[in-house]
Amino acid sequence: MDWLIDIVAALSQPLRAFFDPEERVFWMYLPGALALPLVMLGVGRGFAELRQGLLRRELWTHPSTRADVTLVFAKAIVAAVLRVPWLAATASAALAVGLTLHDWLGPTGPTTWSPGAITIVYGVVLFVGWDLSRFLVHFAMHRVRWLWSFHQVHHSAHVLTPLTLYRSHPVETVIYDLRGLVSTAAITGVFLYLFPGQLRALEILGINAVGFVFNAAGANLRHSHVWLRFGVVERWLLSPAQHQIHHAREAELHGHNLGVWLSLWDRLAGTWAPAGKHPPRSFGVDGANHRHDDVSSMLIGPLVEVFGRVLPRRRRAALTAIGVLLWPRPSVAVAPPVTTAPASRNAPSESVPEAVAWPEDGPAAVTDPAPSAPPTAVTSPTPPPSDAPAPDVPTPDAEPEAGEVDLEKSRTIVVNSMFDDTDVLRIAGSAHVVNEAELTRREYDDVHRILANNVPGVYVRGEDGFGLRPNIGLRGGNPDRSAKLNLMEDGILMGPAPYSAPAAYYFPLATRMVALEVFKGPASIKYGPNTIGGAINLRTREIPDTHTSVIDLAGGRFGYVKGHAFYGTTYKGFGVLIEAARVQSTGFKELDGGGDTGFAKNDAMLKLSYRTRQDAALRHRIEAKVGFATEDSDETYLGLTRDDFEATPYRRYTASAQDNMRWWRSQAELSYVLEQGDAIEFEVRAYRHDFQRTWRRLDSIRGVSSLSALLANPDSGQAAVFASVLRGDSDSLQPQQALLVANNNRTFVSEGVQSTFHWRPRRGIVEQDLEIGARVHHDGVIRHHTDEAFLMTSGVMVPEGTPIEDTARNRGEAVAGSVHIHDAITLWKSLTIAPGVRLELISLRSTDALADERTRRFDPAVTPGIGASVKATPWLAAFAGLHRGFSPVSPGQPDAVKAEYSLNYEAGLRAVHRGLFAEAVGFVSDYDNLNGVCTSSSGCIEGDGADLFTAGAVLVWGVEMLARWQHRFEGGLRLELGGRYTYTGSQFRSDFQSGFPQWGDVRKGFALPYVPEHLAGGTVAIGGRIWEVSAAPSYNGAMRDVAGRGDIPAAERIDGFFVLDLSAEIRVLRKFRIYGQVTNATNAAYITAFRPFGIRPGAPLTFMLGLKAYVL
Amino acid sequence: MTARPKLNPTAALRPWLLPLCLASVGAWGWACQDDGPDDSSNGDRDDDDDGPDDADGPGSVTEPDDASGRDDATAGGSDVSRRDVLWSIGTRVIAPATAEFATQATALDAAVQLYATRGSEDSRAAARDAWREAARDWQQLEVMQVGPAASSLVGIGGEDLRDAIYSWPTTDSCSIDRVVAGEDYLADDFFVTELVWSYGLDALEYLLFNESTAHTCPAQVQLDGPWAALGTDELARRRAAYAGVVAGGIAARAGELAERWASDGGNFGALLADQGAIDSPYANEAEAMDEVFRAIFYIAKITKDAKLGIPIGIVAGCSAPPCIGLMETPFSGDAATAMRANLEGLALMVKGGPDAATADGFDDLLRQMGEDQIADDLLAAIDVAIAATEAYDTPLQAELAADPEALDDLYAAIKGVTDILKGPFVMALMLTVPADGGGDLD
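Cut-offs used in this document
- Residues numbered from 1 in each chain as written.
- Chains lettered and ligands numbered in written order.
- Predicted model: local features only at pLDDT ≥ 70, side-chain atom pairs only at ≥ 80, totals over all residues.
- Heavy atoms only, no water.
- Helix = DSSP H or I, 4+ residues; strand = E, 2+ residues; numbered from the N terminus.
- Buried < 20%, exposed > 50% of the residue type's maximum accessible area, 1.4 Å probe, protein only.
- Contact = heavy atoms within 4.5 Å.
- Areas by Shrake-Rupley, 256 points an atom, 1.4 Å probe, with all protein chains shown as cover.
- Pairing = 2+ DSSP bridges.
- Phe/Tyr/Trp six-rings, centres within 6.5 Å; stacked < 30°, edge-to-face > 60°.
- Lys NZ or Arg CZ within 6 Å of the ring centre and 35° of its normal.
- Axes fitted to C-alpha atoms, helices over the stretch in contact; angles between N-to-C directions.
- Parallel < 35°, antiparallel > 145°, perpendicular 65-115°, else oblique.
- Nonpolar A, V, L, I, M, F, W, Y, C, P; charged D, E, K, R; others polar.
- Salt bridge = Lys/Arg side-chain N within 4 Å of Asp/Glu carboxyl O.
- Left-handed = near helix turned anticlockwise from the far one by under 90°.
- Core = buried A, V, L, I, M, F, W, Y, C linked by side-chain atoms within 4.5 Å.
- pLDDT = per-residue confidence, 0-100.
- Disulfide = S-S within 2.5 Å.
- Polar contact = N/O pair within 3.5 Å; in protein donor to acceptor, adjacent residues only side chain to side chain.

**As for the overall build of chain A**
Across its full length, chain A carries 21 helices and 41 strands. Sorting the 1112 residues of chain A into buried and exposed places 60% on the buried side. Residue pairs at least 24 apart in sequence account for 70% of intrachain contacts in chain A once pairs closer than 6 positions are excluded. For chain A, the exposed area adds up to about 41,300 Å²; of that, 65% sits on carbon and sulfur atoms.

Encoded structure:
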């Protein structure tokens, strides 16, 4: 908690300035500021002056002042982080100066000066020295180009208050502090040398008496609108009015009156100007390198300018070329700031700030700049209106200017693409989109990383480090094999057999997707059958309108190679898109005895379409999509013991040497869309997916019923022998020590026809989006599993010679019909109510050839839901929803096993303001009966097809928060900051004992396993028009391996882990983009799970470098 | 056309909804939190009210039903509870058996130490006899692997004490040869660094009964040179000395096991019966019953399958039957005795003790349920199987070598027992058949 205390202390630091005599705003100086006008101008006029120039409400509520205050606090935090001990450093430096002088010049003789005289002389010299040094630095600030970049921040204040003193860039503050150090140390050092032992600490480093007097005598009026002149005295002492002239908006006045207390320096330098009768008309600075009154802009803008100017061009180019782009620079496409005439700056923001026209314009001149959000400063989180069926996600082909791809497009954070023409504040429920821009930024191939780094409320359980077998859960749903979700590609269920065997062994290459959509609230009832967890929809590329082709090649650590290309065009209504991708890696795990632990995935897709004229009232479109994908991966379920993980986290035991998964998958889809105007849309789609997989993998040791238990406790008794055999250290000497390698062969089919009808009438204050959908679906799985025994012999697995055993021969089949109706009714463009209902009729059949059993069952399910949102203000909306969750059982379950049902509630707030998007959602999932599916991947040891375990009532609740802020500075610099946090609580609501290994002996109140209480993450991205660097830290809180309560026992605790991913990209030429990615940049070794068998490590540091060429 | 957007007149009202929504969300969260473990304050198992003697509090366990004078009342099977059975098995079967074995192990240790010191044939014969005595007692305990003796892989509260005393079928004579060649048994941490196949009754059998002076390691171990350098006398001396170390280890572990079960020691029998006790590893009575059943299911998985089924080729594991080398006690030839002891141990567990008058066993439970037939059939089948083990004059290895079908009858007899255990017995008592791995999905 130290950091919290530090932050609080830092934030309270500015407040302490009022009680610090060294600060100009020290409370004792304030009466002087109030008294001086009264003394000099008389009570009446003095009071009027004070009222108008210092005490007027508008001055203190002006955005400029607000920015001053914000900057003070921002800098306080920076100062707390840097913790520069100025006082100690000054004392040390002074002593060093004194000692150096002593060394050089020898000891001084005894002085005859009295201590009082020494103190006075010292005080005066210090005062003059300080004043001179401040003048010199201030002079430099106005004359040296790069210093002026920083000093502009101080001058950009439109309104002057005593707090404006603190409106300065941190770099300037540091320079001034250094100045203080140098000048004080030099002067004090000399006095220490001249009068050793006669300067007391208070006198050396305490308040300078002369400065005290000047501060008390109205120095606070320097930054105010109190027009107080000193007349002829101004030739010696600078008046507040003179300093106000220095702040005048007119550029030629900036260079005058650079001193603080004494006029002498200005007069010597020729920069002195007397105060006239009238104050300047306005304050500020034209053509500043930052947005006025925008603190972040104040902090970043000067840096951008400085590094754009100070670094020699050649070096910049070199830095740019190697992608070390930590130093931002302005885009070449934008007019260089400041050095050109202010008139050439056309950024809309420049027209926005309202200078305080003082005092002639009167109080009304201080206008409220709140509605002045610069339209181009940030991209609106609202999706662009779209009439065409094309996605709202930008694609390179949609943009003739390939160079503009993605980076300049909306970094839209959260939209519901199903409501393309609806603004985000009207969405009645949770919906998140990871768009192509974000996908391109990270170039992730692992869907786990994509989701975990973008969407709150998503739990992923890493398994292989590549995301080949995704384990994704939403809102507490069991992530095992993502089986509790509706996984869709282009709105069509894509699981191998979504009803009879939904485990996600197939997953497409994320690299060819252009968006990921996540639906968690009532919206998920449109996408059955699983309405508990929600839905994830992957969107593939649309057929482009013009010739478009892209080639993407990348290589990296662990033999990573990616090749990805597509070409597409549309000619006279006929469109074609062909796309292919391959990703491979030799794997990051080190197999004992050598061998690959990686994978190769291929994925190809062809789309053909014909569409009628898009400007006609009635539009038709027909599209065919075929795809083929393969995977060959040396993946295993075998993990590590804890000791082995700690010694060599990426080791793989030799007993997994045989392990290999191969699959192929074909898809064929045909769709027809009819649209009439904007109001009617009818779509019908037919699909068939075939999937065949064979996974050969270590399943068990004959004498050990659970490898998971063995690896959890591998050191005593026979367990030590079995573990030794797994490692290849001991031979299999007994049949009990034989390694059983499963060869699990499964063939899946999934086919069906689905149709949706949209009607979007608008009458008066009422807008509607009525959706009626229906689907007839059939899927099935045929399983043929065998076990073959091997003997570990001198570290090599040799066949035992015993017959291969059939362990499963069964099939499951589902026929399902579903209908849903959903209506989003919007009143006054601000109140949206979205009721809906889904009906599923599921008929299941199973045949078990080994047990000679056949079963049938029929499960009807009605899942209603309703969502509502209220757009309370133009930037804030509240929403809430309620829906019934449902998750079907798989074929072969006895009637006693009930389908999973729940009641899901959610409520939240969503804000969109300027570049900020923020969302907070509370959710509750109240399960009637939670089911656990017994599979090897979940650690089960005798799953016979799809055994279900029922946990009864379970409550899951939590909060998801997401905030993202993006801002574009002048010069094209773009900054994006984001944060995510998810809290999840869960409770079993009854006592029970379960054979499901992740539950075990459960008591009421136990929490669910593999649901971390805390998930957090963030994004920091900075970029210009042609480059970007970004960082994505994420934290996954500690998880339980087995249900429990309170502190997690060490044996069941998966510690929280922190992962930092970095990415960078640069467009070197108009059509070439170089990108780089580092995942797990800290190379943290962390555990993602204890399942399926033993400890699974997360991937270590990986990096890759790629080139994307927009050929056409 | 005005530049300023027209304000919606209702906009002013809407902010009212915000605090409302916020309050709702907050109340919701609060309600959920409060829905928590309100009635089970600490999560200890004490809140389980189905365990007996809750009133006694944790750690205070007593004999069931007022131990004084209730024995007669339940003798013969009337009014027997599951807890009675667990209690009886713990205190009247396993605890005395571990104590008896501890005595035998001490005797064995003494005999082997004598042999280690003298190295004479007489002393070796005495040591062999002592081994046979101890092994026979241990074979009864093989079906009683509950609690400390159980495997940590499968047994609840298992501490692998059994493996330290007897690890068959996890044996490796080559490892023993290597220890002999390197005199590793002299190391202080011998029992820590070596795997279980280098010590225990199985290793001791090899050291005491193996007449061969050749080593048993494959070529790649490269033991030929060191082994040849030993010489016959030194080999005999080292084997005897090693045997002494192993026997000492067995005695120590046996003492430890007995202490864990002793009523004046760990009193594990009480923990077995009273799952509410704070030290009991069992969540409830059903779990404890399943653990006892898992222990006696040894008869099926090990006695029937590993000791007989695999060698004769009925059960997977032998690529070219018969696999005589996979049989138990290859050097002492006591396989039949061992199986008989297993069955005797099973009978004790089923009956709940040696004295039918005082014992509460599974048979009593079955009779009380009116399932006399199952109890009778099971005990009869055990008797038949015991008789079958006595039908062989020569070691079973020799029998099988002479006739590959020689042991089929014995297998069938034991299968007669396990069929009842797996079928009617389990169903009547609602027990769980232990998982045997394989056949799973992914």
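Alright, that's what it looks like, and here's the rest.
**Examining the overall build of chain B**
Counting secondary structure elements, chain B contains 18 helices and 0 strands. Looking at chain B residue by residue over its 442 residues, the buried ones come to 52%. Across chain B, every contact between residues at least 6 apart in sequence was considered, and the portion connecting residues at least 24 apart equals 73%. Roughly 18,500 Å² of accessible area belongs to chain B as shown, and the carbon and sulfur atoms make up 53% of that amount.

**Some points on the sheet that holds strand β7 (residues 535–540) of chain A**
An order of β1-β6-β7-β4-β5 (chain A) is seen for the 5 strands of this open sheet, with the pairing classed as mixed. Each edge of the open sheet carries a strand with a single partner, namely β1 (431–434) and β5 (492–493) of chain A.

**Quick notes on the packing of aromatic side chains**
Residue and element names in this part refer to chain A. Within the structure shown, the criterion is met by 36 aromatic pairs over all chains. Measuring from centroid to centroid gives 4.8 Å for Phe 127 and Trp 261, while their planes differ by 20°, and the two rings are stacked. Of the two residues, Phe 127 is situated in helix α7 (residues 115–143) and Trp 261 in the loop between α13 (251–254) and α14 (264–269); the sequence distance between them amounts to 134 residues. Trp 261 sits in the buried class, given a relative accessible area of 8%. A connected cluster of aromatic rings, assembled from ring pairs, spans Phe 466, Phe 558, Phe 588, Phe 599 and Tyr 650. Just above the ring of Tyr 1010 sits the side chain of Arg 461; from NZ or CZ to the centre is 5.3 Å.

**Overview of the packing of α7 of chain A against helix α8 (residues 145–155) of chain A**
Residue and element names in this part refer to chain A. Running from N to C, α7 and α8 cross one another at 100°; their axes reach a closest spacing of 6 Å. Between α7 and α8, the crossing angle belongs to the class labelled roughly perpendicular. Here α7 contributes His 138, Ala 140, Met 141, His 142 and Arg 143 to the contact with α8, which in turn contributes Arg 145, Leu 147, Trp 148, His 151 and His 155. Tallied by class, residues from the contact of α7 with α8 come to 4 nonpolar, 4 polar and 2 charged.

**Digging into the pattern of salt bridges**
Residue and element names in this part refer to chain A. Throughout the structure, instances matching the rule amount to 82 salt bridges over all chains. Ionic pairing is found between Lys 484 and Glu 900, a salt bridge with its closest N-O pair at 2.8 Å. Residue Lys 484 is located in the loop between β3 (472–474) and β4 (486–489), and its partner Glu 900 is located in strand β25 (residues 900–913); the two are separated by 416 residues in the primary sequence. By relative accessible area, Lys 484 is classed as buried at 12%. Since its relative accessible area comes to 2%, Glu 900 is described here as buried. Between Glu 960 and Lys 520 there is a salt bridge whose closest N-O contact spans 3.0 Å. In this pair, Glu 960 sits in strand β29 (residues 954–968) while Lys 520 sits in the loop between β6 (513–519) and β7, placing the two residues 440 residues apart along the sequence.

**So, unusual backbone geometry**
Residue and element names in this part refer to chain A. With an omega of 0°, the peptide bond running from Gly 528 to Pro 529 counts as cis. For Pro 529, the position within the fold is in the loop between β6 and β7. For the peptide bond that leads from Arg 1091 to Pro 1092, omega is 0°, which places it in the cis range. Within the fold, Pro 1092 resides in the loop between β39 (1087–1089) and β40 (1096–1097). Located in the positive-phi region is Arg 481, a residue other than glycine, with phi close to 55°.

**What to know about the packing of helix α14 (residues 335–351) of chain B against helix α18 (residues 408–429) of chain B**
Residue and element names in this part refer to chain B. Between α14 and α18, whose axes approach to 13 Å, the crossing angle comes to 20°. For the element pair α14 / α18, the angle class is roughly parallel. Here α14 runs over α18; the crossing is left-handed. Taking contact as the criterion, the partners of Met 339, Leu 343 and Leu 346 in α14 are, on α18, Leu 410, Ile 414, Val 417 and Leu 421. When grouped by side-chain class, the residues that make up the contact of α14 with α18 number 7 nonpolar, no polar and no charged.

**Re the pairing of β29 of chain A**
Side chains on a regular strand alternate between the two faces of the sheet. Residues and elements named next belong to chain A. Across 12 bridges, the pairing between strand β26 (residues 916–929) and β29 is antiparallel. From the neighbouring strand, Asp 926 faces β29, where its bridge partner is Leu 955. Direction of pairing for β29 relative to strand β30 (residues 974–988): antiparallel, over a ladder of 15 bridges. By the bridge assignment for β30, Leu 955 is matched with Gln 987. Taking the residues between adjacent antiparallel strands as the criterion, β29 and β30 are bridged by 5 residues, where Gly 971 takes a positive phi near 95°.

**Comments concerning helix α8 (residues 201–209) of chain B**
Residues and elements named next belong to chain B. Counting buried residues in α8 gives 9 out of 9 residues, a clear majority hidden from the surface. Residues of α8 that are buried: Leu 201, Asp 202, Ala 203, Leu 204, Glu 205, Tyr 206, Leu 207, Leu 208 and Phe 209. Elements that come into contact with the buried residues of α8 comprise α3 (82–118), α4 (121–141), α5 (161–165), α6 (173–182) and α10 (232–261).

**Notes on the nonpolar core**
Phe 101, Leu 204, Phe 362, Ile 382, Val 417 and Phe 425 of chain B are the most contacted members of the largest nonpolar core, which totals 124 residues. Sequence-distant contacts of Val 417 of chain B, that is, excluding residues within four places in its chain, are made with Ile 299, Leu 343, Leu 346, Leu 378, Ala 381, Ile 382 and Ala 385 of chain B. Residues Ile 701, Leu 711, Ala 719 and Tyr 1010 of chain A belong to the second largest nonpolar core, which totals 64 residues.

**So, the confidence of the model for chain A**
Residues and elements named next belong to chain A. Per-residue confidence for chain A gives a mean pLDDT of 82, with 85% of residues at or over 70. In this model residues 201–206 is a low-confidence stretch, pLDDT under 50, and it forms 15 contacts with partners more than four residues away in sequence or in other chains. Contacts for the low-pLDDT stretch residues 319–422, under 50 throughout, to residues beyond four places or in other chains number 234 contacts.

**Remarks on the state of the cysteines**
All names here are of chain B. In the structure shown here, the tally under the stated rule is 2 disulfides over all chains. Through a disulfide, Cys 174 is tied to Cys 217; the S-S separation comes to 2.0 Å. Judged by the sign of its S-S torsion, about 105°, the bond between Cys 174 and Cys 217 is right-handed. Taken together, the residues Cys 174 in helix α6 and Cys 217 in the loop between α8 and α9 (224–230) connect sequence positions 43 residues apart. One exposure class covers both Cys 174 and Cys 217, and it is buried. Each sulfur in the disulfide pair Cys 318 and Cys 323 lies 1.9 Å from the other. Judged by the sign of its S-S torsion, about 85°, the bond between Cys 318 and Cys 323 is right-handed. A single burial state applies to Cys 318 and to Cys 323, both of which are buried. Each bonded cysteine of chain B gets a number by its place in the sequence, and the pairs then read 1-2, 3-4.

**Some thoughts on the side chain of Ser 168 of chain A**
Residues and elements named next belong to chain A. Secondary-structure assignment places Ser 168 in the loop between α8 and α9 (170–194). For Ser 168, a relative accessible area of 8% gives the class buried. Those residues in contact with Ser 168 that sit more than four places away from it in its chain are Leu 71, Lys 75, Val 153 and Thr 173.

**Notes on the environment of Gln 667 of chain A**
All names here are of chain A. Its location among the elements puts Gln 667 in strand β15 (residues 660–676). Expressed as a C-alpha distance, the spacing of Gln 667 and Met 605, which sit 62 residues apart in the sequence, is 8.9 Å. Setting aside its immediate chain neighbours within four residues, Gln 667 contacts Glu 489, Arg 512, Lys 625, Val 626, Gly 627, Arg 688 and His 689. Here the side chain of Gln 667 touches Glu 669 through a polar contact of 3.1 Å, side chain to side chain.

**Concerning the pairing of strand β41 (residues 1102–1110) of chain A**
Residue and element names in this part refer to chain A. Where strand β8 (residues 548–556) and β41 come together, 7 bridges link them in antiparallel fashion. Bridging from a neighbouring strand, Leu 553 pairs with Leu 1107 of β41. With 8 bridges joining them, strand β38 (residues 1072–1079) and β41 adopt antiparallel strand pairing. Counted as the bridge partner of Tyr 1075 is Gly 1106 from β41.

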